[in-house]
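# Commentary on secondary and tertiary structure
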Amino acid sequence: AQSVSQHNHHVILSEAASLELGCNYSYGGTVNLFWYVQYPGQHLQLLLKYFSGDPLVKGIKGFEAEFIKSKFSFNLRKPSVQWSDTAEYFCAVRRNNRLAFGKGNQVVVIP
Amino acid sequence: NAGVTQTPKFQVLKTGQSMTLQCAQDMNHEYMSWYRQDPGMGLRLIHYSVGAGITDQGEVPNGYNVSRSTTEDFPLRLLSAAPSQTSVYFCASLPLKGGNTGELFFGEGSRLTVL
């Protein structure tokens, strides 16, 4: 069964602080990796994705993520958060035709 | 181009009632899926389909039925609603051919309450 783990479900930080959210998955083979963001009251939007090539991928709004194959990880980072980054963040892993999501990280940025 | 359209956006049911959540997409995507979102649980896959006439179960299929008679539509049926099915439901689609980026396109969500 697919398993996607996200730690530290609730994260509270101040504006300009750096953010790192961890994502680990538990199966091998070829996978596609994604981070989605859900702003309050909205549906999920794609932040960034990794299919192949450079393991450091850059997404929208200053986010980036690094794929480390040996650690089965795809951690999300942003050097300096803004109040508007308050949202829930989901890691997702696609293998064949199934896309599994982690439980999410609720991030609150205090002005 | 409407994308993925879900109806209704809100619904209240009594235990034992049946209902259908509708999902339609106009992007000719082969893949369609239903997720439920519950606090602290993330999104869990209920059912998915890779094309008309083909459906398969996800992580939490019990209590739900689906069918895929056309490429555009993927309705989710609750035959006998239970309070445990109170949730927000998302329909999502993606293309499997022609430069597939792997990005899911989500509907706006349907909030279901079962009393």
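Residues numbered from 1 in each chain as written. Chains lettered and ligands numbered in written order. Predicted model: local features only at pLDDT ≥ 70, side-chain atom pairs only at ≥ 80, totals over all residues. Heavy atoms only, no water.

### Some points on the overall build of chain A
Counting its regular elements, chain A contains 0 helices and 12 strands. Element order for chain A, N to C, with α for helix and β for strand: β-β-β-β-β-β-β-β-β-β-β-β. Computed over the C-alpha atoms, the radius of gyration of chain A is 13 Å, within 12% of the 13 Å expected from 2.2 N^0.38 for a compact globule of 111 residues. Counting over 111 residues, chain A shows a buried share of 47%. (Helix = DSSP H or I, 4+ residues; strand = E, 2+ residues; numbered from the N terminus. Rg over C-alpha atoms; globule rule 2.2 N^0.38 Å. Buried < 20%, exposed > 50% of the residue type's maximum accessible area, 1.4 Å probe, protein only.)

### Examining the side chain of Ser 110 of chain B
All names here are of chain B. Along the polypeptide, Ser 110 turns up in strand E11 (residues 110–114). Here Ser 110 falls in the buried class, since its relative accessible area comes to 0%. Within the structure, Ser 110 has its side chain in polar contact with the backbone oxygen of Pro 8 (distance 2.7 Å). Apart from the residues lying within four places of it in its own chain, the contact partners of Ser 110 are Gln 6, Thr 7, Pro 8, Lys 9, Leu 21, Ser 87, Val 88 and Tyr 89. (Polar contact = N/O pair within 3.5 Å; in protein donor to acceptor, adjacent residues only side chain to side chain. Contact = heavy atoms within 4.5 Å.)

### Quick notes on the sheet that holds strand E8 (residues 76–78) of chain B
Residues and elements named next belong to chain B. The antiparallel open sheet is built from 4 strands, whose spatial order is E1-E3-E8-E7. Pairing within the sheet leaves two strands with one partner each, and these edge strands are strand E1 (4–7) and strand E7 (64–66). Going from strand to strand, the sheet's axes swing by 20° on average, the running direction of each strand aside. Judged from the 4 bridges that link them, E1 and strand E3 (residues 19–25) form a sheet pairing that is antiparallel. The residue bridging Gln 6 from the neighbouring strand is Cys 23, located in E3. (Pairing = 2+ DSSP bridges. Axes fitted to C-alpha atoms, helices over the stretch in contact; angles between N-to-C directions.)

### Some remarks on the pattern of salt bridges
When the charged atoms of two side chains with opposite charge come close together, those side chains can pair. Residue and element names in this part refer to chain A. For the coordinates displayed, the defined rule picks out 6 salt bridges over all chains. With a shortest N-O distance of 2.9 Å, Glu 64 and Lys 58 are connected by a salt bridge. Classification of Lys 58 as exposed rests on a relative accessible area of 64%. Across the salt bridge formed by Lys 78 and Asp 85, the nearest N and O atoms sit 2.9 Å from each other. On the basis of relative accessible area, Lys 78 is assigned to the buried category, the value being 7%. The structure contains a network of salt bridges with shared partners spanning Lys 58, Glu 64, Glu 66 and Arg 77. (Salt bridge = Lys/Arg side-chain N within 4 Å of Asp/Glu carboxyl O.)

### Examining the interface of chain B and chain A
Taken together, the contact pairs 24 residues of chain B with 18 residues of chain A. At the junction of chain B and chain A, the tally comes to 0 salt bridges. Run the count over chain B and chain A and you get 5 residue pairs in polar contact (both at pLDDT 80 or more). When residues of the side of chain B that touches chain A are traced back to their parent elements, those giving at least two are strand E4 (31–38), strand E5 (42–51) and strand E9 (87–94) of chain B. Tallying contributions element by element places E5 of chain B first for the side of chain B that touches chain A, with 5 residues. Of the residues that constitute the side of chain B that touches chain A, the class distribution is 12 nonpolar, 9 polar and 3 charged. (Nonpolar A, V, L, I, M, F, W, Y, C, P; charged D, E, K, R; others polar.)

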